[in-house]
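Residues per chain are reported as follows:
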Amino acid sequence: MRLRNNIGISIIIILFICANLVFLNFYNDVWWDSSVYMGMGKYIFSSGKYGLWEESRPLILPLILGIGWKLGFDAVYFSRIVSVIFAILVIILTYKIGIKLFSKKTGLLAAFFTAFSYNFLFFSPNILTEIPSTFFVLLAFYYFLSNRFFLMGLFSGIAVMTRLFQIFTLVGLCLAFFF
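Residue numbering note: each chain is counted from 1, following its sequence as written. The model is predicted, so local features are restricted to residues of pLDDT at least 70 and side-chain atom pairs to those at 80 or more, both for listing and for counting; the totals for chains, interfaces and linings are taken over all residues. Just so you know, side-chain values use all the structure's heavy atoms and leave hydrogens and water out.

Engineer: Can you tell me about the overall build of the protein chain, naming the residues and giving the values?
Structural biologist: The way it works is that DSSP assigns letters per residue, a run of H or I at least four long becomes a helix, a run of E at least two long becomes a strand, and they are numbered from the N terminus. In terms of helices and strands, the protein chain carries 9 helices and 0 strands. Mapped from its N terminus to its C terminus, the protein chain presents α and β elements in the order α-α-α-α-α-α-α-α-α. Relative to a compact globule of 179 residues, whose C-alpha radius of gyration would be 16 Å, the protein chain shows 17 Å and is just as compact. Each principal axis of the C-alpha distribution contributes one length, and for the protein chain these read about 50 × 40 × 25 Å. When burial is assessed residue by residue, the protein chain has 45% of its 179 residues classed as buried. Relative to all contacts within the protein chain whose residues are 6 or more apart in sequence, the contacts with residues 24 or more apart total 66%. Of the roughly 10000 Å² of accessible surface on the protein chain, a fraction of 69% belongs to carbon and sulfur atoms. Counting 13 positive and 6 negative side-chain charges, the protein chain places the centres of these two groups 21 Å from one another. Taken over C-alpha atoms, the radius of gyration is set against a globule rule of 2.2 Å times the number of residues to the power 0.38. Accessibility here uses a 1.4 Å probe with only protein chains present; expressed as a share of the type maximum, an area under 20% marks a residue as buried, one over 50% as exposed, and anything in between as partly exposed. Note on definitions: a residue-residue contact is assigned when non-hydrogen atoms from the two residues lie within 4.5 Å. For every accessible area listed, the method is Shrake-Rupley and the probe measures 1.4 Å; residues are considered covered only by the protein chains on display. In this tally, Asp and Glu contribute negative charge and Lys and Arg positive charge; neither His nor the terminal groups of the chain are included. A charge is said to be at NZ when it belongs to Lys, at CZ for Arg, at CG for Asp and at CD for Glu.

Shown next, in the form of structure tokens:
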């Protein structure tokens, strides 16, 4: 995707980043689920010396967040930046799927409405699994549309390993694949 040919999505992403800079310091406290994911990342990369473990949580987000902790970054800011990056990737994939299914104008509208919907904008700097797992589901759907079924299955599995409830979203994708 060349930025020169996609100035509209570039503007949407820049505005989204600016809006998120406001929310980056808005949350003084880290929510419980967010702290669990960061703690699990510490637990994984310290071989159980630091952090905590909850068996019922999926592994992908703690693995990503643990890398930042292991590299010595501030765990909270690194995690929030990772969350915003996943949100940007969701916007880009929404745009690309909109173009693939309809038109460039529809892709831009879909990306705009995704980026600036209140819930998406408010929760994008939060350290939760919803947005990263949505990215992997959209990536699986994009590869489904491109008839690249191995990658569809791979990213479907990663989506479920990021958030277990994505299994319900992916059942429809699998049914469409078989029919």
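Engineer: Just give me the short version of empty space enclosed by the protein, but keep the residues and values in it.
Structural biologist: For each structure, a 1 Å grid was placed over the protein atoms alone; sets of points admitting a 1.4 Å probe that cannot get out are labelled cavities, open sets with protein on both sides within 12 Å along at least five of seven lines are labelled pockets, and lining residues have an atom within 4 Å of a point. Grid points are joined across faces, edges and corners, and a volume is the space filled by probe spheres set on the points. Enumeration according to the criterion identifies 1 cavity of 30 Å³ or more in this entry. In this model, the largest cavity occupies a volume close to 30 Å³. Lining of the largest cavity is provided by D29, V30, W31, S34, R80, N126 and I127. Here the term charged refers only to Asp, Glu, Lys and Arg, the term nonpolar to Ala, Val, Leu, Ile, Met, Phe, Trp, Tyr, Cys and Pro, and the term polar to all other amino acids, Gly among them. A per-class count over the lining of the largest cavity returns 3 nonpolar, 2 polar and 2 charged.

Engineer: Residues and numbers for the environment of G98, please.
Structural biologist: Topologically, G98 is positioned in helix α4 (residues 75–101). For G98, a relative accessible area of 8% corresponds to the buried category. Taking the C-alpha atoms as reference points, G98 and L59, separated by 39 residues in sequence, lie 30 Å from one another. Setting aside its immediate chain neighbours within four residues, G98 contacts S103 and G107.

Engineer: Account for the confidence of the model for the protein chain, with residues named and values stated.
Structural biologist: Within a predicted model, pLDDT stands for the predictor's per-residue confidence, ranging from 0 to 100. For the protein chain, mean pLDDT is 92; residues scoring 70 or higher make up 96% of the total. The lowest-confidence element of the protein chain is helix α9 (residues 166–178), averaging 82 in pLDDT; the highest-confidence one is helix α5 (residues 104–115), averaging 97.

Engineer: How would you explain the side chain of S10 if you had to name every residue and give the values?
Structural biologist: Tracing the sequence through the fold places S10 in helix α1 (residues 7–24). Classification of S10 by relative accessible area gives buried; the value is 12%. Any N or O atom pair separated by 3.5 Å or less is treated as a polar contact, with the protein-specific requirement of one donor-capable and one acceptor-capable atom, and with residues adjacent in sequence counted only for side-chain atom pairs. Only 3.0 Å separates the side chain of S10 from the backbone oxygen of N6, close enough to count as a polar contact.

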